[in-house]
Amino acid sequence: MEEIIKQFPNLSDNQILQFQKLEALYQDWNAKINVISRKDIDELYTKHVLHSLAIAKIQPFESGTFVLDVGTGGGFPGIPLAILFPKTRFYLIDVIAKKIKVVQAVADALGLQNVKAEQMRAENVKGDFDFIVSRAVTNMPDFYSWVKDKIKKQNKHALKNGILYLKGGDLTEELAPFPKAKEYPIADFFSDPFFETKKVVHLPLKFTP
(Lines give C-alpha, C1' and ligand atoms only; values in the text may rest on other atoms or scores of the structure.)
Protein backbone atom coordinates (compact mmCIF):
# COMPACT_ATOMS: atom_id res chain seq x y z
CA MET A 1 0.00 0.00 0.00
CA GLU A 2 2.82 2.41 0.85
CA GLU A 3 4.28 1.98 -2.63
CA ILE A 4 0.90 2.61 -4.29
CA ILE A 5 0.44 5.85 -2.34
CA LYS A 6 4.01 6.87 -3.17
CA GLN A 7 3.62 6.12 -6.88
CA PHE A 8 0.17 7.70 -7.16
CA PRO A 9 0.23 10.65 -4.74
CA ASN A 10 -3.01 12.22 -5.97
CA LEU A 11 -5.31 9.45 -4.76
CA SER A 12 -8.46 10.58 -2.96
CA ASP A 13 -9.28 9.27 0.52
CA ASN A 14 -11.94 7.05 -1.06
CA GLN A 15 -9.47 5.59 -3.57
CA ILE A 16 -6.97 4.84 -0.80
CA LEU A 17 -9.75 3.13 1.16
CA GLN A 18 -10.74 1.09 -1.90
CA PHE A 19 -7.16 -0.06 -2.42
CA GLN A 20 -6.86 -0.91 1.28
CA LYS A 21 -10.01 -3.04 1.12
CA LEU A 22 -8.62 -5.23 -1.67
CA GLU A 23 -6.54 -7.45 0.59
CA ALA A 24 -9.38 -8.55 2.89
CA LEU A 25 -11.77 -8.96 -0.05
CA TYR A 26 -9.41 -11.18 -2.01
CA GLN A 27 -8.38 -13.21 1.01
CA ASP A 28 -12.03 -13.82 1.81
CA TRP A 29 -12.97 -14.79 -1.75
CA ASN A 30 -9.79 -16.79 -2.30
CA ALA A 31 -10.72 -19.00 0.65
CA LYS A 32 -13.97 -19.88 -1.18
CA ILE A 33 -12.90 -19.75 -4.83
CA ASN A 34 -9.21 -19.96 -5.66
CA VAL A 35 -8.62 -17.06 -8.08
CA ILE A 36 -5.11 -16.11 -6.94
CA SER A 37 -2.37 -18.62 -6.19
CA ARG A 38 -1.80 -19.21 -2.48
CA LYS A 39 1.78 -17.91 -2.61
CA ASP A 40 0.74 -14.74 -4.43
CA ILE A 41 -2.11 -13.73 -2.11
CA ASP A 42 0.48 -12.66 0.50
CA GLU A 43 2.05 -10.36 -2.08
CA LEU A 44 -1.21 -9.13 -3.56
CA TYR A 45 -0.20 -5.47 -3.67
CA THR A 46 3.08 -6.05 -5.49
CA LYS A 47 2.32 -8.97 -7.80
CA HIS A 48 -1.24 -8.03 -8.71
CA VAL A 49 -2.26 -4.49 -7.78
CA LEU A 50 0.96 -2.57 -8.50
CA HIS A 51 1.65 -4.77 -11.54
CA SER A 52 -1.78 -3.82 -12.92
CA LEU A 53 -1.15 -0.14 -12.24
CA ALA A 54 2.02 -0.21 -14.36
CA ILE A 55 -0.32 0.39 -17.31
CA ALA A 56 -1.22 3.76 -15.77
CA LYS A 57 2.45 4.75 -15.78
CA ILE A 58 2.58 4.15 -19.54
CA GLN A 59 -0.80 5.69 -20.40
CA PRO A 60 -3.15 7.37 -17.91
CA PHE A 61 -6.76 7.13 -19.10
CA GLU A 62 -8.78 10.25 -19.90
CA SER A 63 -12.32 10.74 -18.66
CA GLY A 64 -14.79 8.83 -20.85
CA THR A 65 -12.28 6.22 -22.01
CA PHE A 66 -13.66 2.70 -22.61
CA VAL A 67 -11.32 -0.20 -21.72
CA LEU A 68 -11.74 -3.94 -22.31
CA ASP A 69 -9.89 -6.31 -19.94
CA VAL A 70 -9.55 -9.73 -21.60
CA GLY A 71 -9.00 -12.80 -19.42
CA THR A 72 -9.31 -10.71 -16.28
CA GLY A 73 -9.06 -13.73 -13.93
CA GLY A 74 -9.60 -12.34 -10.45
CA GLY A 75 -9.95 -8.80 -11.83
CA PHE A 76 -6.45 -7.84 -12.94
CA PRO A 77 -5.52 -5.43 -14.35
CA GLY A 78 -9.11 -4.12 -14.54
CA ILE A 79 -10.07 -3.65 -10.88
CA PRO A 80 -6.98 -1.65 -9.76
CA LEU A 81 -7.22 0.49 -12.92
CA ALA A 82 -10.93 1.07 -12.30
CA ILE A 83 -10.12 2.36 -8.81
CA LEU A 84 -7.43 4.66 -10.20
CA PHE A 85 -9.59 5.96 -13.08
CA PRO A 86 -13.18 6.29 -11.79
CA LYS A 87 -14.26 8.21 -14.91
CA THR A 88 -13.10 5.44 -17.25
CA ARG A 89 -15.45 2.55 -18.08
CA PHE A 90 -14.06 -0.96 -17.74
CA TYR A 91 -15.52 -4.12 -19.25
CA LEU A 92 -13.91 -7.18 -17.63
CA ILE A 93 -14.35 -10.56 -19.30
CA ASP A 94 -13.21 -14.10 -18.62
CA VAL A 95 -14.37 -17.50 -19.87
CA ILE A 96 -14.48 -18.91 -16.32
CA ALA A 97 -17.77 -18.09 -14.58
CA LYS A 98 -16.51 -18.44 -10.99
CA LYS A 99 -13.79 -15.84 -11.64
CA ILE A 100 -16.34 -13.38 -12.98
CA LYS A 101 -18.45 -14.00 -9.87
CA VAL A 102 -15.51 -12.92 -7.71
CA VAL A 103 -14.74 -9.89 -9.91
CA GLN A 104 -18.34 -8.64 -9.74
CA ALA A 105 -18.49 -9.20 -5.99
CA VAL A 106 -15.24 -7.26 -5.45
CA ALA A 107 -16.44 -4.42 -7.70
CA ASP A 108 -19.74 -4.26 -5.82
CA ALA A 109 -18.03 -4.31 -2.40
CA LEU A 110 -15.82 -1.40 -3.48
CA GLY A 111 -18.73 0.53 -4.97
CA LEU A 112 -17.13 0.64 -8.42
CA GLN A 113 -19.83 2.00 -10.72
CA ASN A 114 -17.46 1.96 -13.71
CA VAL A 115 -16.98 -1.83 -13.88
CA LYS A 116 -19.03 -4.39 -15.78
CA ALA A 117 -17.94 -8.04 -15.55
CA GLU A 118 -19.20 -10.86 -17.77
CA GLN A 119 -18.38 -14.44 -18.69
CA MET A 120 -17.49 -13.97 -22.33
CA ARG A 121 -14.96 -15.00 -24.95
CA ALA A 122 -12.98 -12.10 -26.41
CA GLU A 123 -13.97 -13.05 -29.95
CA ASN A 124 -17.66 -12.61 -29.06
CA VAL A 125 -17.38 -9.12 -27.54
CA LYS A 126 -19.37 -6.45 -29.34
CA GLY A 127 -18.28 -2.83 -29.23
CA ASP A 128 -15.31 -0.55 -29.79
CA PHE A 129 -12.74 0.32 -27.14
CA ASP A 130 -10.00 2.89 -26.69
CA PHE A 131 -7.67 0.29 -25.17
CA ILE A 132 -7.68 -3.44 -24.65
CA VAL A 133 -5.68 -4.53 -21.60
CA SER A 134 -4.61 -7.96 -20.43
CA ARG A 135 -2.08 -9.81 -18.36
CA ALA A 136 -0.31 -12.48 -20.39
CA VAL A 137 -3.37 -14.59 -21.19
CA THR A 138 -1.78 -15.92 -24.38
CA ASN A 139 0.85 -15.06 -26.99
CA MET A 140 0.47 -11.75 -28.81
CA PRO A 141 -0.39 -13.19 -32.28
CA ASP A 142 -3.37 -15.09 -30.83
CA PHE A 143 -4.43 -12.17 -28.65
CA TYR A 144 -4.23 -9.81 -31.61
CA SER A 145 -6.49 -12.10 -33.65
CA TRP A 146 -9.15 -11.98 -30.91
CA VAL A 147 -9.31 -8.19 -30.52
CA LYS A 148 -7.99 -6.54 -33.69
CA ASP A 149 -11.45 -5.36 -34.83
CA LYS A 150 -12.61 -3.90 -31.50
CA ILE A 151 -10.87 -0.51 -31.53
CA LYS A 152 -12.40 2.98 -31.62
CA LYS A 153 -11.58 5.25 -34.52
CA GLN A 154 -10.89 8.46 -32.54
CA ASN A 155 -7.66 8.71 -30.54
CA LYS A 156 -7.59 10.96 -27.47
CA HIS A 157 -4.42 9.81 -25.70
CA ALA A 158 -0.70 10.24 -26.25
CA LEU A 159 -0.53 6.58 -27.22
CA LYS A 160 -2.68 5.44 -30.12
CA ASN A 161 -5.68 3.24 -29.41
CA GLY A 162 -4.77 -0.43 -29.17
CA ILE A 163 -3.45 -3.12 -26.85
CA LEU A 164 -1.70 -2.52 -23.52
CA TYR A 165 -0.34 -5.91 -22.50
CA LEU A 166 1.44 -6.96 -19.31
CA LYS A 167 4.06 -9.59 -20.05
CA GLY A 168 7.54 -10.67 -18.93
CA GLY A 169 10.72 -12.08 -20.37
CA ASP A 170 12.24 -11.86 -23.84
CA LEU A 171 9.45 -10.95 -26.26
CA THR A 172 11.61 -10.53 -29.38
CA GLU A 173 10.25 -13.56 -31.20
CA GLU A 174 6.66 -13.10 -30.08
CA LEU A 175 6.54 -9.47 -31.17
CA ALA A 176 8.42 -10.00 -34.44
CA PRO A 177 5.20 -9.90 -36.52
CA PHE A 178 4.33 -6.53 -34.95
CA PRO A 179 6.97 -3.91 -35.83
CA LYS A 180 4.84 -1.13 -34.29
CA ALA A 181 4.78 -2.79 -30.86
CA LYS A 182 6.77 -0.99 -28.17
CA GLU A 183 8.01 -2.47 -24.88
CA TYR A 184 8.11 -0.37 -21.71
CA PRO A 185 10.14 -1.95 -18.86
CA ILE A 186 8.15 -1.71 -15.61
CA ALA A 187 11.44 -1.60 -13.64
CA ASP A 188 11.78 1.99 -14.92
CA PHE A 189 8.93 2.90 -12.56
CA PHE A 190 8.83 0.31 -9.77
CA SER A 191 11.94 -0.86 -7.92
CA ASP A 192 10.74 -4.20 -6.52
CA PRO A 193 12.82 -7.09 -7.98
CA PHE A 194 9.57 -8.75 -9.11
CA PHE A 195 9.39 -6.21 -11.95
CA GLU A 196 12.92 -6.74 -13.32
CA THR A 197 11.78 -8.66 -16.41
CA LYS A 198 8.20 -7.35 -16.58
CA LYS A 199 6.99 -5.03 -19.32
CA VAL A 200 3.98 -3.19 -20.64
CA VAL A 201 3.67 -3.77 -24.39
CA HIS A 202 1.77 -1.19 -26.44
CA LEU A 203 0.52 -2.32 -29.83
CA PRO A 204 -1.45 0.33 -31.76
CA LEU A 205 -4.41 -1.05 -33.71
CA LYS A 206 -6.18 0.47 -36.68
CA PHE A 207 -9.91 0.97 -36.66
CA THR A 208 -11.62 -1.52 -38.97
CA PRO A 209 -15.28 -0.74 -39.78
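Shown above is the structure to which this text applies.
Criteria and cut-off values
Residues numbered from 1 in each chain as written. Predicted model: local features only at pLDDT ≥ 70, side-chain atom pairs only at ≥ 80, totals over all residues. Heavy atoms only, no water. Helix = DSSP H or I, 4+ residues; strand = E, 2+ residues; numbered from the N terminus. Buried < 20%, exposed > 50% of the residue type's maximum accessible area, 1.4 Å probe, protein only. Contact = heavy atoms within 4.5 Å. Axes fitted to C-alpha atoms, helices over the stretch in contact; angles between N-to-C directions. Left-handed = near helix turned anticlockwise from the far one by under 90°. Core = buried A, V, L, I, M, F, W, Y, C linked by side-chain atoms within 4.5 Å. Pairing = 2+ DSSP bridges. Right-handed = clockwise from strand over helix to strand, strands pointing away. Expected span 1.5 Å × (residues − 1). Bend = angle between axes of the 7 residues up to and from the residue.

Asker: Please set out the side chain of N30 residue by residue, giving values where relevant.
Answerer: By the secondary structure assignment, N30 is in helix α2 (residues 13–32). Judged by relative accessible area, N30 falls into the buried class, the value being 3%. Excluding its chain neighbours within four sequence positions, the residues that come into contact with N30 are V35, I36, R38 and I41.

Asker: Please give an account of the packing of α2 against helix α6 (residues 97–110) that cites residues and values.
Answerer: Where α2 meets α6, the closest approach of the two axes is 10 Å, and the angle between their N-to-C directions is 145 degrees. For the element pair α2 and α6, the recorded crossing hand is right-handed. Contacts between α2 and α6 involve Q18, K21, L22, L25, Y26 and W29 from the former and K101, V102, A105, V106, A109 and L110 from the latter.

Asker: Help me get a handle on the nonpolar core, residues and values and all.
Answerer: Nonpolar side chains in soluble globular proteins generally cluster together in the buried interior. If you look at the biggest cluster of nonpolar residues, it comprises 53 residues, and the most contacted ones within it are I4, L22, Y26, F61 and I79. Broken down by secondary-structure element, the contributors of at least two residues to this core are α2, α4 (44–58), α5 (78–84), β2 (89–94), α6, β3 (115–119), β4 (131–135) and β5 (162–168). For L22, the residues in contact, after removing those within four places along its chain, are L44, Y45, V49, I79, I83, V106 and L110. By size, the runner-up hydrophobic cluster in this structure holds 22 residues, among which are I93, I163, A181 and V201.

Asker: Provide a residue-level description of the pairing of β2, including the pertinent values.
Answerer: Most of β2 sits inside the fold, with five of its six residues counted as buried. Bridge count for strand β1 (residues 66–70) against β2 is five bridges, and the pairing is parallel. The residue of β2 that forms the bridge with L68 is Y91. Following the chain from β1 across α5 to the adjacent parallel β2, one finds a crossover that is right-handed. For β2 and β3, the ladder comprises five bridges, and the chain directions are parallel. Bridge pairing in β3 places F90 opposite V115. Following the backbone out of β2, through α6 and into the adjacent parallel β3, one traces a crossover that is right-handed.

Asker: So what about the sheet that holds β1? Which residues, and what values?
Answerer: Taken in spatial order, the seven strands of this open sheet run β3-β2-β1-β4-β5-β7-β6, and their pairing is mixed. The strands lining the two open edges of the sheet, one partner per strand, are β3 and β6 (182–185). If you compare each strand with its neighbour and ignore which way they point, the axes differ by 20 degrees on average. The strands touched by α6 within the sheet are β2 and β3, with β3 carrying the most contacts at an inclination of about 165 degrees. Contacts from helix α7 (residues 140–147) reach β1, β4, β5 and β7 (198–204) within the one sheet, and its direction differs from that of β5 by about 155 degrees.

Asker: Give a description of α2 that names residues and reports values.
Answerer: With 20 residues, α2 extends 30 Å from end C-alpha to end C-alpha; this agrees with the ideal 28 Å at 1.5 Å per step. The largest bend in α2 amounts to roughly 30 degrees and is located at L22. Residues of α2 that are buried: Q15, I16, Q18, F19, L22, L25, Y26, W29 and N30.

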